[in-house]
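Each chain, letter by letter, is given below.
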Amino acid sequence: MAEVKLVGISKIYQGTEKAVNSVDINVRDKEFVVLVGPSGCGKSTTLRMIAGLEEVTEGELYIDDKRVNDVAPKNRDIAMVFQNYALYPHMTVYDNMAFGLKLRKYSKDEIKKRVDHAAAILGIEELLNRKPKELSGGQRQRVAVGRAIVRKPKVFLFDEPLSNLDAKLRVQMRTEISKLHQTLGATMIYVTHDQTEAMTMGDRIVIMKDGFIQQIDSPLNIYNNPVNKFVAGFIGSPAMNFVEGEIDNNGSLSFVSQNGDFKIDLGERYGHLKEFTGKKVSLGIRPENINDSAFNDGTIGIEVNVKLEVIEPMGNEMFIYFKLAGEQCIGRVSPDFKGNSGEEVKIFLDLKRIHFFDQTSGEAIQ
C-alpha cells in the first residue's frame, strides 16, 4: 500500500474560478480518509485528480513518494469504484472482475485465484456466473468493489459508491466497506456528501467547501471541536442550532441574543470571551445537548421556556422543534417527553457543550 500526498493542489477549468484551491492532504499508509462536503465543493474533482482522470492545474501529487502529475491513470496503481458501478452488461460477474487482469496478461490460474479470493471476501461466490442485469444494486456494488480488490492496487478510491442504494442497504454496505478496509489493510480515499458516512467510516475526515479545505481531523475531534460555523453546522444530524447575538460584560460575562429575548450568564468557563465584549457572535448547541428535564449527572443546565411547534416521535428518541430568540431550533429528547404542539415547556441546555463563533469570520472562538 502507499501514502498519497497532495501539495498545493488546485484545479482551474477554463474561464472559471478554481474548483479546487491549494489543497494539502497527506493520506498515510493504510489510512481510510473521507472527503466530505456539499455538492460543488471540489471533493470529487480532488479524487479524480488523484486517479488521473483530471489534470492537476497547480501543485504536486505523490503516490508512494513518486510524483504522478504526468503519469497515466493506468500506471498509477490505483483502483476506483464509481457511483454508477460501471460494469460491462454483456459480461458475467466473473468476467467483469477478471477483465482488468486479462488486459494485464495475468495467467488464467492467477486470475481465478484472485477473483475467487475477492468473491469470498465479499460473499458473492454464487453470483460469479450471473450478469449485472440479474443483480440487485447492492450486489452490483459488491462486484464493482471486487473488481478493484483483484487488482491489489496501492490505493483504493471510492466516488460516492453508495449514493444509488436505499437507506437500509447503505448502512449495510458502509459497514462492509469498513470491514474490508480492516481486512485488506489498504489505503482508501472515499468521497461522499453524506456526513453520516464520513463520521462512521473515516479514520480522518477532510471537510471541503467551495474548493477549500475547512478542517482535517478525526471524526470525534471534528464533532467536538469544529473550527468554524460551517463545519459545526455540516457535521451532526440533526444539524447544530445557532442563535445570533453578542457578548455582554456589564456586571457579569453573558451572551445576549440579537432580539434580546435570550440571555445566559457564562461564568468563568467562558472567560476567554471577554475580549469579544460588544462583538457579534453566534452561539451553537447541538440538538443532543438539549434536554427535556434537568440534567442528573452534574451537568450545568440552563433552563429556558420555549413554545413547542412540532413534535416528531422517532421511537428511541423524540425531536422537538421550537423557536429560541426567534431562531428555529431542534432538540433530541427522551421518548418519554410529555408535551404537545403549541404548549410552553421548559428545556435545559448543557452549558459545557455550547460553542461560540465569530459572526464576521465564522471562525470558532476557542
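Residues numbered from 1 in each chain as written. Predicted model: local features only at pLDDT ≥ 70, side-chain atom pairs only at ≥ 80, totals over all residues. Heavy atoms only, no water.

Moving on, we get to the nonpolar core. Generally speaking, a soluble globular protein has its nonpolar side chains buried in company with each other. If you look at the biggest cluster of nonpolar residues, it comprises 46 residues, and the most contacted ones within it are Met97, Phe158 and Tyr190. Ignoring any residue separated from it by four or fewer positions in sequence, one finds Tyr190 in contact with Phe32, Val33, Val34, Leu35, Phe158, Pro161, Leu162, Ile177, Glu197 and Met201. Among the nonpolar cores identified, the runner-up in size contains 33 residues, and Leu266, Tyr270, Phe322 and Cys329 belong to it. (Core = buried A, V, L, I, M, F, W, Y, C linked by side-chain atoms within 4.5 Å. Buried < 20%, exposed > 50% of the residue type's maximum accessible area, 1.4 Å probe, protein only. Contact = heavy atoms within 4.5 Å.)

Take the packing of aromatic side chains next. Inspection of every chain in the model, using the stated rule, returns 9 aromatic pairs. Between Phe230 and Phe234 the ring centres are 5.7 Å apart and the planes differ by 20°, which places this aromatic pair in the stacked class. Of this pair, Phe230 and Phe234 both sit in helix α8 (residues 229-234), 4 residues apart, which is roughly one turn of the helix. A residue is classified by how much of its surface remains accessible, and Phe234, at 17% relative accessible area, is buried. Relative to Phe356, the ring of Tyr270 lies with its centre 5.4 Å away and its plane at 75°, an arrangement referred to as edge-to-face. Taken together, the residues span a long stretch of sequence, with Tyr270 in the loop between β13 (263-265) and β14 (280-285) and Phe356 in strand β20 (residues 355-358) at a distance of 86 residues. (Phe/Tyr/Trp six-rings, centres within 6.5 Å; stacked < 30°, edge-to-face > 60°. Helix = DSSP H or I, 4+ residues; strand = E, 2+ residues; numbered from the N terminus.)

Counted as a void, the largest pocket has a volume near 530 Å³. Lining the largest pocket are 22 residues, and of these Met80, Phe82, Arg104, Arg147 and Arg151 sit closest to its centre. Ranked by residue count, the leading element in the lining of the largest pocket is helix α2 (residues 93-103), at 6 residues. Partitioning the lining of the largest pocket into residue classes produces 16 nonpolar, 2 polar and 4 charged. Put simply, the second largest pocket is a space of about 340 Å³. Taken together, 18 residues line the second largest pocket, and the ones lying closest to its centre are Asn224, Asn225, Lys352, Ile354 and His355. Of all the secondary-structure elements, those providing two or more residues to the lining of the second largest pocket are α7 (219-224) and β20. Looking at the lining of the second largest pocket, its residues break down into 8 nonpolar, 6 polar and 4 charged. (1 Å grid on protein atoms, 1.4 Å probe; cavity = no way out; pocket = protein on both sides within 12 Å on 5 of 7 lines; lining within 4 Å. Points joined across faces, edges and corners; volume = space filled by probe spheres on them. Nonpolar A, V, L, I, M, F, W, Y, C, P; charged D, E, K, R; others polar.)

Strand order in the open sheet formed by 6 strands is β6-β7-β8-β3-β9-β10, and the pairing between neighbours is mixed. Looking at strand neighbours, the two that pair on one side only are β6 (78-81) and β10 (212-217), the edges of this open sheet. Sheet twist, expressed as the average angle between the axes of neighbouring strands with direction ignored, equals 15°. Bridge count between β6 and strand β7 (residues 155-159): 4 bridges; the pairing is parallel. What sits directly across from Met80, in β7, is Leu157. Where helix α5 (residues 167-184) meets the sheet, it contacts β3 (32-36), β7 and β8 (187-192), and its direction lies at approximately 165° from that of β8. (Pairing = 2+ DSSP bridges. Axes fitted to C-alpha atoms, helices over the stretch in contact; angles between N-to-C directions.)

Remember that side chains alternate between the two faces of the sheet whenever the strand is regular. The pairing of strand β9 (residues 204-209) with β10 spans 5 bridges and is classified as antiparallel. Bridge pairing in β10 links Val206 to Ile216. Here β9 folds back onto β10, and the loop between the two strands holds 2 residues, one of which, Asp210, carries a positive phi near 55°.

Turning our eyes to something else, we now look at the confidence of the model for the protein. Note that predicted coordinates carrying low pLDDT should not be read in detail. Taken as a whole, the protein shows an average pLDDT of 91; of its residues, 99% reach a score of 70 or greater. Ranking the elements of the protein by mean pLDDT puts α5 last, at 88, and β10 first, at 98. (pLDDT = per-residue confidence, 0-100.)

The end-to-end C-alpha distance of helix α3 (residues 108-122) is 21 Å, a good match for the 21 Å that 15 residues give at a rise of 1.5 Å each. By the burial criterion, the buried members of α3 are Ile111, Arg114, Val115, Ala118, Ala119 and Leu122. When α3 is viewed along its axis, its buried side chains cluster within an angular range of 130° and face the same direction. With respect to the buried face of α3, the exposed residues turned more than 90 degrees away are Asp109 and Lys113. In this structure, the buried side of α3 is in contact with α2 and α4 (137-149). Phi for Gly123, located one or two positions after α3, is positive at around 70°. (Expected span 1.5 Å × (residues − 1). Arc of directions from axis to C-beta.)

On to the pattern of salt bridges, then. Tallied over the entire structure, the rule returns 20 salt bridges. A salt bridge links Arg28 to Glu31; the nearest nitrogen and oxygen atoms lie 3.2 Å apart. As a salt-bridge pair, Lys280 and Glu246 come within 3.5 Å of each other at their nearest N and O atoms. One end of the pair, Lys280, is in strand β14; the other, Glu246, is in strand β11 (residues 241-248), and 34 residues separate them in sequence. According to the relative accessible area criterion, Lys280 is partly exposed, its value standing at 42%. Since its relative accessible area comes to 27%, Glu246 is described here as partly exposed. (Salt bridge = Lys/Arg side-chain N within 4 Å of Asp/Glu carboxyl O.)

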